[in-house]
Amino acid sequence: MPFNLDKFVASPSVEELDSLKKPEIVKVAKHYGIDFQPLMRKDEIKRYVLEYLVDESILPSTVLEAAITVPTDNTFELKRLEMEMNKEVRLKEMEREREREEREMQKEKEEREMQMQREKEEREMQMQREKEEREHEFRLKQLELGVIKGSDPKIGLDTGGFDVSKHVKFVPEFQEDNVEKFFNHFEKLGEQLKWPRDKWSILIQSNFTGKAQEVYSALSIEDSIDYDKVKKAILQAYELVPEAYRQKFRKYRKANTQTYVEFAYQKERHFDRWCACKKVSTFDALRQLMLVEEFKRCVNDDIKTHLEENKADKLKEVANLADQYALTRKFGKVGQTQNKSRFSRPNKKYGNSSDTTGNSGSQSGSISPTNSGKNNQIQVVKRTTRSAQTKLPLKT
């Protein structure tokens, strides 16, 4: 049943006031002009209304005493639940706070570890740089004093007004994974800076590392001052020879991460290096290169190895070498077969009663080696004579 304000004002009662909801009590308070806050609870507004009605003598004062009652069990239960909920909320907040602090501590720990790792790497790099600088200064000092490992101390470094120690800093860094690029770069610098070619080996050895340094140290004094011989020895040590470039060109395949343009560039680069090592600069030289390669592909492995050892570049020369090798192998096999048949032929046994001369005084047993040889010769002569007689034409 809807609330009727006029009916309540005409006959107010505590029972009906208790049955009202907050919006209805708010209407009653506004009707009587009671000052209250909208955010106040229902019980507080209802108490203001009761106090007003008592003050106006509309209701007896006993209604106020009855209104002040002890909270029921439900109220205590609600309070307890509220406290438990607040406790759970606080615990969750504390847990989140603890997790946040742990994450921050873990993050700070990782940052400290990363910082320590960076500092360690920086120290190692600094030590490496200092070591390289010391080695470089030591090499420069060696160059100044004319004492270079593997070189002739009698060779002056400042001959002809060229001071090696002032130019060695321009030598590019040696990289074992790209040796050919290092030599190309060095030769371009040498031409541009007009370095004397007889000083190139002295300049270039100062930056050698790893296998190149070992190869250079193993060279003789005469070879160590010849740039071309030094370059050839180091390229051979890293297998940068024409055959290696040929195999790279033939076996190079496109990788999944490569574009076809990159693959074509690398393929062309291997081919150009192969041609450069073979000194191919004309069409005829390229033609001979292709023909010789195809010829070697079609022969046996032993002949191919023989041709590789002789390093012939012309098709006719390769063919002649192959024929000579094949003939040598053929005659060698024939000689071995003849020797084998000569020494492995079984001896014939002859009768024990008499020899070929008709002598009957020989004892039983094998014929002596001397008589056996004579008898064999006599038999061969007889067979040859009979064969010749059968082939001669009859006289008419």
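Residues numbered from 1 in each chain as written. Predicted model: local features only at pLDDT ≥ 70, side-chain atom pairs only at ≥ 80, totals over all residues. Heavy atoms only, no water.

**Notes on the overall build of the protein chain**
Next, step 1: If you tally the helices and strands in the protein chain, you get 18 helices and zero strands.
Next, step 2: Within the span of the protein chain, comprising 396 residues, buried residues form 23% of the whole.
Next, step 3: In the protein chain, of all internal contacts separated by at least 6 residues, the share reaching a separation of at least 24 is 43%.
Next, step 4: Carbon and sulfur atoms form 53% of the exposed surface of the protein chain, whose accessible area is close to 30500 Å². (Helix = DSSP H or I, 4+ residues; strand = E, 2+ residues; numbered from the N terminus. Buried < 20%, exposed > 50% of the residue type's maximum accessible area, 1.4 Å probe, protein only. Contact = heavy atoms within 4.5 Å. Areas by Shrake-Rupley, 256 points an atom, 1.4 Å probe, with all protein chains shown as cover.)

**Focus: the nonpolar core**
Next, step 1: Counting 26 residues, the largest nonpolar core has Phe-183, Phe-186, Trp-195, Leu-203, Phe-208 and Ile-234 as its most contacted members.
Next, step 2: Membership of the second largest hydrophobic core comes to 20 residues, among which are Val-28, Val-49, Val-54 and Val-63. (Core = buried A, V, L, I, M, F, W, Y, C linked by side-chain atoms within 4.5 Å.)

**Quick word on helix α4 (residues 42–55)**
Next, step 1: Taking 1.5 Å as the rise per residue, α4 with 14 residues should run 20 Å; its terminal C-alpha atoms sit 20 Å apart, in good agreement.
Next, step 2: All of the buried residues along α4 are Ile-45, Lys-46, Val-49, Leu-50, Leu-53 and Val-54.
Next, step 3: At the exit of α4 stands Ser-57, carrying a positive phi of roughly 65 degrees. (Expected span 1.5 Å × (residues − 1).)

**Remarks on unusual backbone geometry**
Next, step 1: Of note in this structure, Ser-57 is not a glycine but carries a positive phi near 65 degrees.
Next, step 2: Along the chain, the position of Ser-57 falls in the loop between α4 and α5 (62–67).
Next, step 3: Take Ser-57: its relative accessible area is 64%, and that puts it in the exposed class.
Next, step 4: In this model, Lys-194 sits at a positive phi of 55 degrees, which is unusual for a non-glycine residue.
Next, step 5: Its place among the elements puts Lys-194 in the loop between α8 (179–192) and α9 (200–205).

**Overview of the pattern of salt bridges**
Next, step 1: Counted by the stated rule, this structure contains 14 salt bridges.
Next, step 2: Residues Glu-294 and Arg-297 are paired through a salt bridge, measuring 2.5 Å at the closest nitrogen-oxygen approach. Of this pair, Glu-294 and Arg-297 both sit in helix α15 (residues 283–298), three residues apart, roughly one helical turn.
Next, step 3: Glu-294 gets classed as partly exposed once you look at its relative accessible area, which sits at 37%.
Next, step 4: We classify Arg-297 as exposed; its relative accessible area is 59%. (Salt bridge = Lys/Arg side-chain N within 4 Å of Asp/Glu carboxyl O.)

**Details of the side chain of Lys-199**
Next, step 1: In this fold, Lys-199 is placed in the loop between α8 and α9.
Next, step 2: You can call Lys-199 buried: its relative accessible area is 6%.
Next, step 3: Within the structure, the side chain of Lys-199 is placed 3.2 Å from the side chain of Asp-198, a separation counted as a polar contact. (Polar contact = N/O pair within 3.5 Å; in protein donor to acceptor, adjacent residues only side chain to side chain.)

**Examining the packing of aromatic side chains**
Next, step 1: Taken as a whole and assessed by the stated rule, the structure comprises 14 aromatic pairs.
Next, step 2: Aromatic side chains Tyr-32 and Tyr-52 sit 5.1 Å apart centroid to centroid with 45 degrees between the ring planes, which places their arrangement in the tilted category. Residue Tyr-32 is located in helix α3 (residues 22–32), and its partner Tyr-52 is located in helix α4; the two are separated by 20 residues in the primary sequence.
Next, step 3: With relative accessibility at 14%, the residue Tyr-32 sits in the buried group.
Next, step 4: Taking 5.1 Å as the distance between ring centres and 90 degrees as the angle between the ring planes, the aromatic pair formed by Trp-200 and Tyr-227 counts as edge-to-face. Taken as a pair, Trp-200 in helix α9 and Tyr-227 in helix α12 (residues 227–237) lie far apart in primary sequence, 27 residues in all.
Next, step 5: According to the relative accessible area criterion, Trp-200 is buried, its value standing at 2%.
Next, step 6: Among the aromatic side chains, those forming a connected cluster through ring pairs are Phe-174, Phe-182, Phe-183, Phe-186, Trp-195, Trp-200, Phe-208, Tyr-216 and Tyr-227.
Next, step 7: Here Lys-254 stacks its cationic end above the ring of Tyr-260, 4.7 Å away from the centre of that ring.
Next, step 8: It is Lys-267 that lies over the ring of Phe-249; its NZ or CZ is 5.2 Å from the centre. (Phe/Tyr/Trp six-rings, centres within 6.5 Å; stacked < 30°, edge-to-face > 60°. Lys NZ or Arg CZ within 6 Å of the ring centre and 35° of its normal.)

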